[in-house]
Amino acid sequence: MPGCRPSIPTRRRQAAFREKVAGASALLVSCPEYAHGIPGAFKNALDWLVGDGRFAGMPVALWNGSPRSVHAPAQLREVLSTMAARIVDPACVTIPVQSGAGVADLLANRAVAGELAAALGRLVEAARVRAEDTAGR
Ligand SMILES: Cc1cc2nc3c(=O)[nH]c(=O)nc-3n(C[C@H](O)[C@H](O)[C@H](O)COP(=O)(O)O)c2cc1C
């Protein structure tokens, strides 16, 4: 996506991204850390969502694949909270992912699979509560 500049007209790609996010019940963010920060391309994508009222209250879980990475998760919390997302703490996990490991490798570890399933369940519950709140308004 092009660098976020509110003054340029929104093109199809940014609009499609906004629609996709707005239509989600919840977001699961798993983002690497680059030079002690959020990778620029990912931050740019988030910047395109700033000001979209439909993002307010969006339940978000942060899944961190590296215990070494502490700066990007803290920055993601700050940025997403500023954007009025709701960080669902019980759905956030840090799991050490070995380089080159795939989904099957992760799920082969019962403790890891259990932790991810529990975290996912908590995110789904937060999404359900949000949907009920929205319907009740
Ligand atoms: C440009 C660059 C900068 C990185 N900086 C950090 C860093 O500051 N802290 C960290 O824990 N990992 C850092 N990493 C490692 C990444 O967070 C990630 O663990 C690694 O790229 C493996 O992820 P992948 O398998 O998705 O590529 C960096 C990687 C790249 C490519």
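Just above, that's the structure.
Described in the following lines is the structure provided in the data block. (Residues numbered from 1 in each chain as written. Predicted model: local features only at pLDDT ≥ 70, side-chain atom pairs only at ≥ 80, totals over all residues.)

1. Quick look at the overall build of the protein chain
Secondary structure assignment for the protein chain yields five helices and four strands. When the helices and strands of the protein chain are read in sequence order from the N terminus, they spell out α-β-α-β-α-β-β-α-α. Projected onto the principal axes, the alpha-carbon positions of the protein chain cover approximately 45 × 40 × 25 Å. Counting every position in the protein chain, which comprises 137 residues, the buried fraction comes to 18%. (Helix = DSSP H or I, 4+ residues; strand = E, 2+ residues; numbered from the N terminus. Buried ≥ 20, exposed ≤ 12 C-beta atoms within 10 Å, placed from the backbone.)

2. Concerning the pairing of strand E2 (residues 59–64)
Most of E2 is tucked away, with five of its six residues classed as buried. Where strand E1 (residues 27–29) lies against E2, three bridges are found, and the strand directions are parallel. Directly across from Val-29, in E2, lies its bridge partner Leu-62. Handedness of the crossover joining E1 and E2 through helix H2 (residues 40–47): right-handed. Inspection of the sheet shows E2 paired to strand E3 (residues 86–87) by two bridges, in the parallel sense. Residue pairing across strands places Val-60 opposite Ile-87, the latter belonging to E3. Read from E2 through helix H3 (residues 71–82) to E3, the crossover connection turns out right-handed. Strand direction decides the pairing type here: E2 and strand E4 (residues 93–94), joined by two bridges, are parallel. Residue Asn-64 lies in a different strand from E4, and its bridge partner there is Thr-94. (Pairing = 2+ DSSP bridges. Right-handed = clockwise from strand over helix to strand, strands pointing away.)

3. Looking at unusual backbone geometry
Of note in the backbone geometry, Ala-35 takes a positive phi value of approximately 45 degrees without being a glycine. The topology assignment puts Ala-35 in the loop between E1 and H2. On the basis of neighbour counts, which here come to 9 C-beta atoms within 10 Å, the residue Ala-35 falls in the exposed class. A positive phi angle, close to 60 degrees, is found at His-36, a residue other than glycine. The topology assignment puts His-36 in the loop between E1 and H2. When the 11 C-beta atoms within 10 Å are taken as the criterion, His-36 is described as exposed.

4. What to know about the nonpolar core
Judged by nonpolar contacts, the single largest core of 21 residues is most densely connected at Val-60, Ala-61, Leu-76, Val-88, Ala-91 and Leu-123. Listed by contribution, the elements that provide at least two residues to this core are E2, H3 and helix H5 (110–136). (Core = buried A, V, L, I, M, F, W, Y, C linked by C-beta atoms within 7 Å.)

5. Comments concerning H3
The α-helix advances 3.6 residues per turn, and as a result positions three or four apart in sequence lie on the same side. With 12 residues, H3 should cover 16 Å at 1.5 Å per step; its first-to-last C-alpha distance of 17 Å lies within 8% of that length. Listed as buried for H3 are Ala-72, Leu-76 and Leu-80. Seen along its axis, H3 keeps its buried residues to an arc of 60 degrees; they face one direction. In H3, the exposed residues that point more than 90 degrees away from the buried face are Glu-78, Ser-81 and Thr-82. Those residues of H3 hidden inside the fold are in contact with E1, E2 and E3. Once H3 finishes, Ala-84 follows within two positions and takes phi at roughly 70 degrees, a positive value. (Expected span 1.5 Å × (residues − 1). Arc of directions from axis to C-beta. Contact = placed C-beta atoms within 7 Å.)

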